[in-house]
Amino acid sequence: MDAIVAFFGGVSSLGVSVVMPIVLTILGVLFGAGFGKSLKAGLTVGIGFIGLNLVINQLMGTDLAGGVNAMVTRFSLSLSVMDVGWPAASAIAMGSIVGTIIIPLGLLVNVLMLLKSLVRTRAASTSVKDPLWKYKWVRKHEPEVFKKVHKWLDVKEYLICRCTGRFIMTRDSAYSTFLYDSRPGKGCWSRELCKMYGVEFDHMPEIIECTDVAGPLSEEAAAELGLAPGCPVYGGGGDATLIGVGAGCTEIGQTHIYSGTSGWVGTVIDSQKVDLVAMIAGIVGAQEGKYNYFAEMETAGKCFEWVKERLVLDEIGIYLKKINVAESKETVYESLYDYMTDTIAAIPPGAGGVIFTPWLHGNRCPFEDPKAAGMFFNIKLDTGKTEMLRAVLEGICYHLRWMLECEDKKVKTGDTLRFVGGGALSRVTCQILADVTGRPVETVASTKDVGAVGAAMLVAVGSGLIKDLSEAGKLIKPEGRYEPNAENKALYDKNYEVFKNLYAANKKNFAALN
């Protein structure tokens, strides 16, 4: 049977969380009856599917029925794009009155693969941007290069290899491959997942802790770097790991928000959770038994850079007398960004009703769509360039709030937010974030370099200078604090609701144009 067609009345009003258990039950009955040659066998499989949904809901903090629609479609797309060899799921079409769901055998295969990944990693590689699919791409499109592969390393691990000659990967980097079994008592590469995805197990390097010494600096590397041979090279961590530590967020319930090229919201949790619909997962970090509930957007500070390059530097009024304020001897501004943000501060909150969507390179959370794009919404005759500039900062903060509220559905996020990254250098942005979220915002010293601070903390723990990362987090004190303005919050709440509606209202348009 190539496909099963089931008709449900009023699907839209029932919602996915009601429909998908019904779909799973019917699939179980039909396939169970077909393979088991009896209705009894079919009912058993059908009930098993529903039981599986309940188990996953309890163990992982996610609802399989509510997320399988979007998650399996994305998962199937990844498999299809990389040509793994399994058929991708057909589109799921739901009418306003009568929904028609077409589910081929391939969907069942992908569901089982997805479940196997969720059980072992509490997440799944559903984006073609993930490392797993890049590995598959090289295997398919560069076979001669692939034949020479000895070990699969991330960028950080490649540099460690150049420094020490050792092939290792820290736990957080290993987890990012979605081939790492993060279940309690495991903490190792999953042979089952490697086999399922067609990844050669011999390519997987040794896993070490972020605070471990990977090895001594080799003579050759020391000569190239101008450092002393034999000095210890530590495992370190990825950007999410290091920035969380550098922000001082190492205790359960603490939340940091990062705005650099990309942006994210991270909350420390004590057990892994996953939101299949919003694309949020509890990722492995540097602390045993603690995870970072991580929601990411593709472009945050990059949007403000885009504004500088496309609007500010293009002979417009804000570029005062066509003098680069960052180079002027008379200026009191450290950079053009400071001048821009101080100019924006003169514009009232709400940017005159203009709303900007910060999706200049697609988006990941709370919806993944590489075709989503940025736009200025609600421009009028009296809209000025400065309103558009303020709208960019507000749009970034609206999206950060959206991700924060998605995290609130599964975990308890911080009452006070640690804001770090280049975006936190702007006093205006800090106040907007406080007003938009309705929560106090704290900043720390050297906010642009919190990743380096986090790396230093890992070394301090690894060398015994500090007991653990909990102690390290306490050493990072807040430098600035911004209290939310209730009056501004009311205005932002109205604009925020419009902001959230813009993606759904334009999803088809993005797909048609991009």
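Computed from a prediction, not measured in an experiment: that's the story for all the values here.

**Q** Would you mind going over helix α8 (residues 155-164) with me for this structure?
**A** Counting along an α-helix, one turn takes 3.6 residues, and residues three or four places apart therefore face a common direction. Within α8, burial applies to Lys 156, Glu 157, Ile 160, Cys 161, Cys 163 and Thr 164. Looking down the long axis of α8, one finds its buried residues gathered within 165 degrees of arc, a one-sided arrangement. Buried residues along α8 sit in contact with β4 (168-170), α9 (171-175), β8 (213-216), α11 (219-225) and β9 (232-234). Positive backbone phi, approximately 85 degrees, marks Gly 165, located one or two places after α8.

**Q** Would you mind going over the confidence of the model for the chain with me for this structure?
**A** Averaged over every residue, the pLDDT of the chain is 82; the share at 70 or more is 74%. Contacts of residues 1-19 to residues separated by more than four positions or lying in other chains number 45 contacts, the stretch itself having pLDDT below 50. The low-confidence segment residues 328-333, where pLDDT is below 50, has six contacts with residues more than four positions distant or belonging to other chains.

**Q** I would appreciate a short explanation of the side chain of Thr 255 in the present structure.
**A** You can see Thr 255 is positioned in strand β10 (residues 255-259). Setting aside its immediate chain neighbours within four residues, Thr 255 contacts Cys 249, Val 265, Gly 266, Thr 267, Leu 404, Thr 413, Gly 414, Thr 416, Leu 417 and Arg 418.

**Q** Sorry if this is basic, but what is going on with the packing of aromatic side chains here?
**A** For any two aromatic rings, the description comes down to two numbers: the centre-to-centre distance and the angle of the planes. All told, the structure shown has 18 aromatic pairs when counted by the stated rule. Where Tyr 135 meets Trp 152, the ring centres are 4.7 Å apart and the plane angle is 35 degrees; that geometry is what we call tilted. Pair noted here: Tyr 135 is in helix α6 (residues 131-141) and Trp 152 is in the loop between α7 (143-147) and α8, with a separation of 17 residues, a long-range link. Since its relative accessible area comes to 12%, Trp 152 is described here as buried. Among the aromatic residues, those joined into a cluster by ring pairs are Trp 359, Phe 367, Tyr 398, Trp 402, Tyr 492, Tyr 496, Phe 499, Tyr 503 and Phe 510. In this structure, Arg 191 packs its charged tip against the face of Phe 201, placed 3.8 Å from the ring centre.

**Q** Would you explain the nonpolar core in this entry?
**A** Soluble, globular proteins show a tendency: their nonpolar side chains are buried together. By size, the foremost hydrophobic cluster in this structure holds 84 residues, and its most contacted members are Leu 179, Tyr 197, Val 199, Trp 359 and Leu 400. The dominant element in this core, judged by the number of residues it contributes, is helix α15 (residues 385-408), at twelve residues. Apart from residues no more than four positions distant in its own chain, Leu 179 is found in contact with Leu 132, Trp 152, Ala 174, Cys 188, Trp 189, Ser 190, Leu 193, Cys 194, Tyr 197, Val 199 and Met 204. One finds Ala 247, Cys 249, Trp 264 and Ile 466 within the second-largest nonpolar core, a separate group that totals 22 residues.

**Q** I tried to follow the packing of helix α16 (residues 427-437) against helix α19 (residues 486-513) on my own but got confused; where do I start?
**A** If you want to describe how two helices pack, look at the angle between their axes and the distance between the axes. Two numbers describe how α16 lies on α19: the axes approach to 7 Å, and their chain directions differ by 70 degrees. Relative to α19, the element α16 is oriented roughly perpendicular. For the pair α16 and α19, the contacting residues are Ile 432, Asp 435, Val 436 and Thr 437 in the first and Asn 488, Lys 489 and Tyr 492 in the second. Residues belonging to the contact of α16 with α19 are distributed by class as follows: three nonpolar, two polar and two charged.

**Q** For this particular structure, what's the right way to read the packing of α15 against α19?
**A** Interhelical geometry of α15 versus α19 gives an angle of 80 degrees and a closest axis separation of 10 Å. One way to sum up the angle between α15 and α19 is to call them roughly perpendicular. Where α15 approaches α19, its residues Arg 390, Glu 394, Gly 395, Tyr 398, His 399, Arg 401, Trp 402 and Glu 405 are matched on the opposing element by Lys 489, Tyr 492, Asp 493, Asn 495, Tyr 496, Phe 499 and Lys 500. The residue inventory of the contact of α15 with α19, partitioned by class, reads five nonpolar, three polar and seven charged.

**Q** So what exactly am I meant to see when it comes to a nonpolar patch on the surface here?
**A** A contiguous nonpolar patch, built from Val 155, Tyr 158 and Leu 159 and spanning about 310 Å² of accessible area, is present on the exposed surface. Looking at where Tyr 158 falls in the secondary structure, it is placed in helix α8. Look at Tyr 158 and you get partly exposed, because its relative accessible area is 43%.

**Q** Where do I start with α19 in this structure?
**A** Taking 1.5 Å per residue as the helical rise, α19 with its 28 residues ought to reach 40 Å, and the 39 Å between its terminal C-alpha atoms agrees with that figure. Buried residues of α19: Asn 488, Lys 489, Tyr 492, Asn 495, Tyr 496, Phe 499, Leu 502, Tyr 503, Asn 506 and Phe 510, and no others. The inward-facing, buried residues of α19 contact β15 (355-357), β16 (375-377), α15 and α16. Where α19 starts, the residue carrying a side-chain oxygen 2.9 Å from the main-chain nitrogen of Glu 487 turns out to be Asn 485.

Parameters at a glance
- Residues numbered from 1 in each chain as written.
- Predicted model: local features only at pLDDT ≥ 70, side-chain atom pairs only at ≥ 80, totals over all residues.
- Heavy atoms only, no water.
- Buried < 20%, exposed > 50% of the residue type's maximum accessible area, 1.4 Å probe, protein only.
- Helix = DSSP H or I, 4+ residues; strand = E, 2+ residues; numbered from the N terminus.
- Arc of directions from axis to C-beta.
- Contact = heavy atoms within 4.5 Å.
- pLDDT = per-residue confidence, 0-100.
- Phe/Tyr/Trp six-rings, centres within 6.5 Å; stacked < 30°, edge-to-face > 60°.
- Lys NZ or Arg CZ within 6 Å of the ring centre and 35° of its normal.
- Core = buried A, V, L, I, M, F, W, Y, C linked by side-chain atoms within 4.5 Å.
- Axes fitted to C-alpha atoms, helices over the stretch in contact; angles between N-to-C directions.
- Parallel < 35°, antiparallel > 145°, perpendicular 65-115°, else oblique.
- Nonpolar A, V, L, I, M, F, W, Y, C, P; charged D, E, K, R; others polar.
- Patch = residues over 30% accessible without salt bridge, like charges linked within 9 Å, V, L, I, M, F, W, Y side chains within 5 Å.
- Areas by Shrake-Rupley, 256 points an atom, 1.4 Å probe, with all protein chains shown as cover.
- Salt bridge = Lys/Arg side-chain N within 4 Å of Asp/Glu carboxyl O.
- Expected span 1.5 Å × (residues − 1).
- Polar contact = N/O pair within 3.5 Å; in protein donor to acceptor, adjacent residues only side chain to side chain.

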